[in-house]
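Fold and contact review
Okay, here's what each chain looks like letter by letter:
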Amino acid sequence: MRRTLVIIGGIVLSWVIGAVIVRLGLDWADTFSYSEASEWRYLGVAVAALLVAVGGSVTTLLVALRPRRSKAAARD
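This report concerns the structure included in the present document. Once a new chain begins, its residue numbering starts again from 1 and follows that chain's sequence as written. Only residues with pLDDT of at least 70 get local features here, since the model is predicted, and only at 80 or more are side-chain atom pairs given and counted; chain-wide, interface and lining totals rely on the full set of residues. Here the side-chain values reflect all heavy atoms present in the structure, with hydrogen atoms and water set aside.

Note on conventions: DSSP H or I runs of at least 4 residues are helices, E runs of at least 2 residues are strands, and numbering of each starts at the N terminus. By definition here, a helix of n residues has an expected span of 1.5 Å times n minus one. For helix 2 (residues 36–65), which comprises 30 residues, the first-to-last C-alpha distance of 44 Å matches the rise-based estimate of 44 Å (1.5 Å per residue) to within 8%. Exposure categories follow from relative accessible area, calculated using a 1.4 Å probe and restricted to protein chains: below 20% of the type maximum is buried, above 50% is exposed, and the middle band is partly exposed. For helix 2, the set of buried residues is Ser38, Val45, Ala49, Ala53, Gly56, Ser57, Thr60 and Ala64. Any two residues whose heavy atoms approach within 4.5 Å at even a single point are treated as in contact. Turning to helix 2, the residues buried within the fold contact helix 1 (2–29).

See the structure below:
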């Protein structure tokens, strides 16, 4: 049960951080006057947020589900 909660918490946290990146990134992108480069800035912010959200989710799953050594196996 605890492992499931850690996995869910890690995935939710990853997506929340991704949403924060979108919010802060769009605020940053809007400080510049609109031009053709603005669309690229928006795209960059979206890609960065998705990388953090998906990467954090995958990392959470990999860390939480990796095989664990038992204490007896560690002594041998």
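Structure shown, so let's carry the discussion forward.
Attention now moves to the side chain of Ser57. Note that Ser57 resides in helix 2. Among residues more than four places away in sequence, those in contact with Ser57 are Ile11, Ser14 and Trp15.

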